[in-house]
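# A closer look at the structure
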Amino acid sequence: MIIEDPEFGEVIVRRNALARSARFSISTSGRLQMSVPKYTSDRAVRKFLNYSRSAIRTQLPVKNPTTQRARDAKKKLLTKQARAELPYRLEYLATKYSYNYDKCRLSHANTRWGSCSSNRTISLNIGLMKVPPVLRDYVILHELAHLNHMDHSPAFWVEVAHHDPNYKDHRRKLKHFSPGVD
Ligand SMILES: [Zn+2]
């Protein structure tokens, strides 16, 4: 359920079988999230929200509704750009260096640029559309190298260096960016 709140904007309410009491947190979009026990009535949810208003104001970094919507728009645009670019770039580099992956997924995690799972699925963060193409390629080559080495062992880095001799510089430069949609 989503409550349209004049102060906090859209508040995401999750009814959770395991919750014993109501808890507040912040979603990645900066929206207020409420987790409540499964059978809490809508009325009780609103009452608790009102009761907690001043505590939320001082303790949680809820973004204002305009910022929340601006972030939605940014995320939508990045997703669109990522869809048009990342799967094809991955395919190109994999073909060029003879890697076989199974699937490409787009992610929007706040902390990781990419990942490679044991079932050979490569996830690439839509935030890669914010960084220069050469750093994007580094991340893709990094994840492809994980198909052969599921760790960051010296052998893994030798393989990365083989396809991206400047990987150390790229890795350092990437730290100036954050994968999340700001
Ligand atoms: Zn890695």
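Residues numbered from 1 in each chain as written. Predicted model: local features only at pLDDT ≥ 70, side-chain atom pairs only at ≥ 80, totals over all residues.

The next thing to look at is the overall build of the protein. A count of helices and strands for the protein gives five helices and seven strands. Across the protein, helices and strands are ordered from the amino to the carboxyl terminus as β-β-β-β-α-α-β-β-β-α-α-α. Relative to its length of 182 residues, the protein is extended, with a C-alpha radius of gyration of 21 Å against a globular reference of 16 Å. Evaluated residue by residue, the protein yields a buried proportion of 21% over its 182 residues. Taking the intrachain contacts of the protein between residues at least 6 apart in sequence as the baseline, contacts between residues at least 24 apart amount to 51%. (Helix = DSSP H or I, 4+ residues; strand = E, 2+ residues; numbered from the N terminus. Rg over C-alpha atoms; globule rule 2.2 N^0.38 Å. Buried ≥ 20, exposed ≤ 12 C-beta atoms within 10 Å, placed from the backbone. Contact = placed C-beta atoms within 7 Å.)

One open sheet accounts for four strands, arranged E1-E2-E4-E3; its pairing is mixed. Two strands bound the open sheet, and with one partner strand each, they are strand E1 (2–5) and strand E3 (23–26). Going from strand to strand, the sheet's axes swing by 25° on average, the running direction of each strand aside. Sheet topology places E1 next to strand E2 (residues 9–16); four bridges connect them, and they run antiparallel. When the bridges of E2 are listed, Asp5 appears paired with Gly9. Its contacts with the sheet place helix H1 (residues 42–59) against E1, E2, E3 and strand E4 (32–37), and it is angled at close to 130° to E4. (Pairing = 2+ DSSP bridges. Axes fitted to C-alpha atoms, helices over the stretch in contact; angles between N-to-C directions.)

Position of Phe8 among the secondary structure elements: in the loop between E1 and E2. As for Phe8 and Gly30, which are separated by 22 residues in sequence, their C-alpha atoms are 9.8 Å apart. When neighbours within four sequence positions are excluded, Phe8 is seen to be in contact with Leu32 and Val62.

Residue Ser98 is not a glycine yet carries a positive backbone phi of 55°. If you trace the backbone, Ser98 turns up in the loop between helix H2 (65–96) and strand E5 (103–107). Among the residues examined, Ser98 registers 7 C-beta atoms within 10 Å and is labelled exposed.

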